Amino acid sequence: MRKLLIIVLIGLSTLANAQLTSKQEVAPELVAKREVQKKEITNSYLALKNNLLISDSLSVVKNAINLQLLLKNFRFKKLDIEQMNVATMARKEIIDLAAEMAATKSINKQRKIFQTLSAKFWDVAPKFKAEDIALNLQVCPMTGAMWLSDSKEIKNPYYPKNMLTCGAVKASL
């Protein structure tokens, strides 16, 4: 009987702690902090795209490092175990791709890596996107290369000199 009482008390204590944690997660200051994180991640990705538009490989290195750090500090919320595994794996792949971009100063290599990074980023963009930022999935029909933009205007980061306006909006968030 005494063991049963102890087990019940431990269970109630665990439940109370879980409810407290749940209430803390929806506190306005935590929600605001999370939105800031999401905005920083999205803006860091967009900065990479814009650096590629102007062929600034040194800024690509800087923003790729920043994207890595921001993603490492981001924690997913409200996902079941399967969704968490998928999102965590995608985040790791994006971090690794950003590290590859940071490791080279070749703008052509950075653009090639960015193609894969963009596809992975789109897959988890709903989890990273801040509420006040619209994202558009854009694709170059000549190459199939995709990227995300906060504008519907096409500015192709892969071929800015020859095909700057080559592309189309395929989806929006």
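Residues N136 and Q138 of strand β1 (residues 136-139) are buried on one face, and the alternating residues L137 and V139, pointing to the opposite face, are buried as well. Pairing of β1 with strand β2 (residues 146-149), which is carried by 4 bridges, proceeds in the antiparallel orientation. If you follow V139 over to β2, its bridge partner there is M146. The turn joining β1 and β2, which pair antiparallel and follow one another in sequence, is formed by 6 residues; a positive phi near 80° is taken by G144.

This part covers the nonpolar core. Of all hydrophobic cores here, the largest spans 44 residues; its most connected members are M101, F114, L117 and F128. Looking at this core, the elements that each hand over two or more residues are α2 (28-53), α3 (57-72), α4 (81-102), α5 (107-128), β1 and β2. If you tally residues by element for this core, the top one is α5, at 9 residues. In this view, F128 contacts K38, I41, T42, L71, F74, F76, I94 and F121; residues no more than four positions away in its chain are not counted.

As a further point, take the packing of aromatic side chains. Each aromatic ring pair is described using two quantities: the centre-to-centre distance and the angle formed by the ring planes. Under the definition given, this model contains 8 aromatic pairs. Seen in terms of ring centroids, Y45 and F121 are 4.6 Å apart; in terms of plane orientation they differ by 20°. Their pairing is stacked. Within this pair, whereas Y45 is found in helix α2, its partner F121 is found in helix α5, the two being separated by 76 residues in sequence. Side by side, Y45 and F121 carry an identical accessibility label, which is buried. Following the ring pairs from residue to residue traces out a cluster consisting of Y45, F74, F76, F114, F121, F128, W147 and Y158.

Let us look at the pattern of salt bridges. For the coordinates displayed, the defined rule picks out 4 salt bridges. Salt-bridge contacts for E35 lead to K38; the nearest nitrogen and oxygen are separated by 3.6 Å. A residue pair is termed a helical-turn pair when its members lie 3 or 4 positions apart in one helix, as E35 and K38 do in helix α2 at 3 residues. Just as E35 is buried, K38 falls in that class too. Notably, a salt bridge pairs D132 with K39, separated by 2.6 Å at the nearest N-O pair.

So, on to the sheet that holds strand β3 (residues 168-172). The sheet built from 3 strands is open, its strands ordered β2-β1-β3 with antiparallel pairing. Of all strands in the sheet, those with a lone pairing partner are β2 and β3, marking the two edges. Neighbour-to-neighbour, the strand axes of this sheet turn through a mean angle of 35°, independent of strand direction. As defined by bridge partners, β1 adjoins β3 across 4 bridges and the pair is classed as antiparallel. From the neighbouring strand, N136 faces β3, where its bridge partner is S172. Strand contacts of α5: β1, β2 and β3, with the helix running at about 55° to β2, the strand carrying the most contacts.

This brings us to the packing of α4 against α5. Where α4 meets α5, the closest approach of the two axes is 9 Å, and the angle between their N-to-C directions is 150°. Between α4 and α5, the angle is such that the two are roughly antiparallel. Both α4 and α5 take part in a crossing whose hand is left-handed. The residues of α5 that touch α4, namely those facing A87, A90, E93, I94, L97, A98, E100 and M101, are Q110, I113, F114, T116, L117, K120, F121, V124, K127 and F128. In the contact of α4 with α5, the residues fall into 12 nonpolar, 2 polar and 4 charged.

The rules behind the values
Residues numbered from 1 in each chain as written. Predicted model: local features only at pLDDT ≥ 70, side-chain atom pairs only at ≥ 80, totals over all residues. Heavy atoms only, no water. Buried < 20%, exposed > 50% of the residue type's maximum accessible area, 1.4 Å probe, protein only. Helix = DSSP H or I, 4+ residues; strand = E, 2+ residues; numbered from the N terminus. Pairing = 2+ DSSP bridges. Core = buried A, V, L, I, M, F, W, Y, C linked by side-chain atoms within 4.5 Å. Contact = heavy atoms within 4.5 Å. Phe/Tyr/Trp six-rings, centres within 6.5 Å; stacked < 30°, edge-to-face > 60°. Salt bridge = Lys/Arg side-chain N within 4 Å of Asp/Glu carboxyl O. Axes fitted to C-alpha atoms, helices over the stretch in contact; angles between N-to-C directions. Parallel < 35°, antiparallel > 145°, perpendicular 65-115°, else oblique. Left-handed = near helix turned anticlockwise from the far one by under 90°. Nonpolar A, V, L, I, M, F, W, Y, C, P; charged D, E, K, R; others polar.

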